[in-house]
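Summary of the model geometry
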Amino acid sequence: MTTELIAQAISIVTIIGWLLRMLFKHCYRKIAMRRMIWKYLQDSFMDGYDAMESYRAMIRRACAEDAKERFRKKN
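These numbers were taken from a predicted model, which means no experiment stands behind them.

This part covers the pattern of salt bridges. Following the criterion strictly, the structure yields four salt bridges and no others. Asp43 is the salt-bridge partner of Lys39, the closest N and O atoms lying 3.7 Å from each other. In this pair, Lys39 and Asp43 are both assigned in helix α1 (residues 2–74), four residues apart and thus about one turn of the helix distant. Judged by its relative accessible area of 37%, Asp43 falls in the partly exposed class. Between Glu69 and Lys73 there is a salt bridge whose closest N-O contact spans 3.7 Å. Here the residue Glu69 and the residue Lys73 both occupy positions in helix α1, the gap between them amounting to four residues, near one helical turn.

Counted according to the given criterion, the structure contains two aromatic pairs. Look at Phe24 and Tyr28: their rings are 6.0 Å apart centre to centre, the planes differ by 25°, and that puts the pair in the stacked class. Within this pair, Phe24 and its partner Tyr28 are both found in helix α1, separated by four residues, close to a single helical turn. There is no split in this pair, since Phe24 and Tyr28 are both exposed. With a centroid separation of 6.2 Å and 25° between ring planes, the pair formed by Phe45 and Tyr49 is classed as stacked. One end of the pair, Phe45, and the other, Tyr49, are both in helix α1, four residues apart, so they sit about a helical turn from each other. Residue Phe45 is classed as exposed on the basis of its relative accessible area of 57%. The exposure class of Tyr49 is partly exposed, given its relative accessible area of 35%.

Quick look at the environment of Trp38 now. Within the secondary structure, Trp38 sits in helix α1. Spatially, the C-alpha atom of Trp38 lies 21 Å from that of Met52, the residues being 14 residues apart in sequence.

Reading the values: the criteria
Within any chain, residue numbers begin from 1 and follow the written order of that chain's sequence. In keeping with the predicted nature of the model, local features appear solely for residues at pLDDT of at least 70, side-chain atom pairs appear and are counted solely at 80 or more, and the whole-chain, interface and lining totals rest on all residues. Calculation of side-chain values draws on the structure's entire complement of heavy atoms; hydrogens and water are dropped beforehand. A side-chain nitrogen of Lys or Arg and a carboxyl oxygen of Asp or Glu constitute a salt bridge if their distance falls within 4 Å. The secondary structure listing takes helices from DSSP runs of H or I that are at least 4 residues long and strands from runs of E that are at least 2 residues long, numbered from the N terminus. Note on classification: 1.4 Å probe, protein chains only; a residue is buried when its accessible area is under 20% of the maximum for its type, exposed when over 50%, partly exposed between these limits. Aromatic pairs are defined between Phe, Tyr and Trp rings, using the six-membered ring for Trp, whenever the two ring centres lie within 6.5 Å; interplanar angles under 30 degrees are classed as stacked, those over 60 as edge-to-face, and all others as tilted.

In structure tokens:
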């Protein structure tokens with residue numbers, strides 16, 4: 001009788017441990033995927049932000065040169 005209970009307890013613990021391990025692996029993969037997607041979104045945003053900043057700098061330089069040229073023409 002006690003050996004049957006011990007065997008049942010061991011099998012129950014084994015099954016529960018296996019289920020928890022599968023759940024952990026599933027959740028870990030989900031979290032890893034979310035981190036990877038979040039990193040990709042951050043990188044793509046920063047690429048777009050860098051491009052926007054470079055365009056802004058080009059426009060600022062062009063406006064400054066245009067303003068210098070207008071100032072020279074006035075004087």
